[in-house]
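Okay, here's what each chain looks like letter by letter:
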Amino acid sequence: MGKSVRFAATAAAATLLPLGAVAASEPAQAATTFPSHYSAPYLELQSGSVGDLAADRTASGTKYSTLAFLIPKSGCTAEWEYNGDSVGAFTSQINALKAAGGDVILSFGGAEGGELAQTCTSVSSLTAAYKKIATTYGVTRLDFDIEGSTLDDTTANSRRDQALAALQQANPSITVDFTLPVDPGGLPGNALKLLKDAKSKGVKVNLVNIMTMDFGDGEKALADAESAANGTEKQLASLYGVSASSAWHTLGLTPIAGQNDDNENFTQSNAKTLESFAASKGVQELAFWEVHSYDKKTGWAYSKIFNRITG
C-alpha cells in the first residue's frame, strides 16, 4: 500500500514471540499490551487524518491503529510518507490514544516510498534509527510493509534483518511484524525468502500480516482471502516448525475496505464473513486499508466489524 493504494510490512524470525510486548525502556508514554486477538486498521497519517485516531475509537471502539508509512527522507532520517512530516509529529494524538487504553503500530515502507534499510547503509546506524523512532513515539510494535521492488532488494532486506535482530537483543520488548503480498495459494517465493533471511539473522517475528487484496482475478475477494490465509498458515507452520494453532496466531489478514485497485470489491458482508473465519482460526490481527479514505465514509463500518475479533 501507499498513498491510498496498498501496504505491506513485517517478516520472519528464529523464535516466534508471544503476543503482548511490554513497554519500551525509554518511552514518551508507556505502551500498552495488545490483546491476543485484535483489530488494528491502517491509517495513512497526516495532519488531515490524525484526528481519526480518536474518531475511530469513539465510533467503533477500535483502540489499536497501524500508522502508515515511515519512509526514507534521506540517509538514516525517516519521514511520514503522505506530507513529509518529521518523526515526532503527531505525538500528542498518539499519546492521547494510549492514555485512553489504546496503542499504535508504526509501519515502515509501503508500496511507493521505499524503506529505511535501503538508504541507511550501516547496520549500526539503521539499528539506532529504528530505536530512535520507537523511543520518540513510546512504541514497541514495528511493522515492515515490504512489497514491490523493495521486496526484491535482498541487500536491504539483509541489512534490515541484522538491525532488527540487534535492536531486539538490546531491547527484547521490541516486537517485529512483516506485512507481505500474498497469492490465493499463499506467500510468493520472494516473500518466503525474506522471512527465511529474517529467521537466519535471528529476528523474532511476532506477526506475518498478509495483504489479502488486489488478486486481479474477478469478484473473488473473500474466497481468495480465505484461500491465501489457509496457504500461508501451512507455510508458516513449516518455516517455523510450529503447530497449526501457533501458525494461525502468527497470522494477520489485511484486505482493502471496499473497492480494490483491480476493481474487485471487498464488501461489508465479506468483512463479516472474514472476521468470523479469522476468529474461528485464532488469527492474531485483522486490519484493512484504510480508515481515512475508505472506512470513514462508511461510518466506520469496517472498523466496527473487524473490532469484534478483539479479546
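Anything mentioned here points back to the structure above.
Report on the accompanying structure.

Basis of the calculations
- Residues numbered from 1 in each chain as written.
- Predicted model: local features only at pLDDT ≥ 70, side-chain atom pairs only at ≥ 80, totals over all residues.
- Heavy atoms only, no water.
- Disulfide = S-S within 2.5 Å.
- Helix = DSSP H or I, 4+ residues; strand = E, 2+ residues; numbered from the N terminus.
- Buried < 20%, exposed > 50% of the residue type's maximum accessible area, 1.4 Å probe, protein only.
- Axes fitted to C-alpha atoms, helices over the stretch in contact; angles between N-to-C directions.
- Parallel < 35°, antiparallel > 145°, perpendicular 65-115°, else oblique.
- Left-handed = near helix turned anticlockwise from the far one by under 90°.
- Contact = heavy atoms within 4.5 Å.
- Nonpolar A, V, L, I, M, F, W, Y, C, P; charged D, E, K, R; others polar.
- Pairing = 2+ DSSP bridges.
- Salt bridge = Lys/Arg side-chain N within 4 Å of Asp/Glu carboxyl O.

### A closer look at the state of the cysteines
Counting across every chain of the model gives 1 disulfide. Each sulfur in the disulfide pair cysteine 76 and cysteine 120 lies 2.0 Å from the other. Taking the torsion about the sulfur-sulfur bond, which here is approximately 85 degrees, the covalent link between cysteine 76 and cysteine 120 counts as right-handed. With a gap of 44 residues between them, cysteine 76 in the loop between strand S3 (64-74) and strand S4 (77-80) and cysteine 120 in the loop between strand S6 (103-109) and helix H3 (123-137) connect regions that are remote in the sequence. Here cysteine 76 falls in the partly exposed class, since its relative accessible area comes to 33%.

### Quick notes on unusual backbone geometry
One can expect most non-glycine residues to show negative phi and most peptide bonds to be in trans. The peptide bond linking alanine 68 to phenylalanine 69 adopts the cis configuration, its omega dihedral lying at -20 degrees. Relative to the elements of secondary structure, phenylalanine 69 occurs in strand S3. Here tryptophan 289 and glutamate 290 are connected by a cis peptide whose omega angle stands at 0 degrees. Structurally, glutamate 290 is set in the loop between strand S13 (285-286) and helix H10 (291-295). One non-glycine residue, phenylalanine 90, lies in positive phi territory at about 70 degrees.

### Section: the packing of helix H7 (residues 221-240) against helix H9 (residues 268-281)
One can describe the packing of H7 onto H9 by two numbers: an axis separation of 10 Å at closest approach and a directional angle of 15 degrees. Considering their axes alone, H7 and H9 lie roughly parallel with respect to each other. Along this stretch, H7 crosses H9, giving a crossing that reads as right-handed. Here Ala221, Leu222, Ala225, Glu226, Ala229 and Asn230 of H7 come into contact with H9, specifically with Asn270, Thr273, Leu274, Phe277 and Lys281. Split into classes, the residues belonging to the contact of H7 with H9 amount to 6 nonpolar, 3 polar and 2 charged.

### Quick word on the pairing of S6
When you tally the buried positions in S6, you get 7 out of 7 residues, the bulk of the element. Sheet analysis places S3 next to S6, joined by 5 bridges and oriented parallel. Bridge pairing links leucine 67 to leucine 106 in S6. Pairing of S6 with strand S7 (residues 141-145), which is carried by 4 bridges, proceeds in the parallel orientation. Across the sheet, residue serine 107 finds its bridge partner in S7, namely aspartate 143.

### Re the pattern of salt bridges
Scanning the model with the defined rule gives 5 salt bridges in all. Among the charged side chains, a network of salt bridges with common partners joins Arg141, Asp177 and Glu285.

These values are about where atoms sit, not about what they do.
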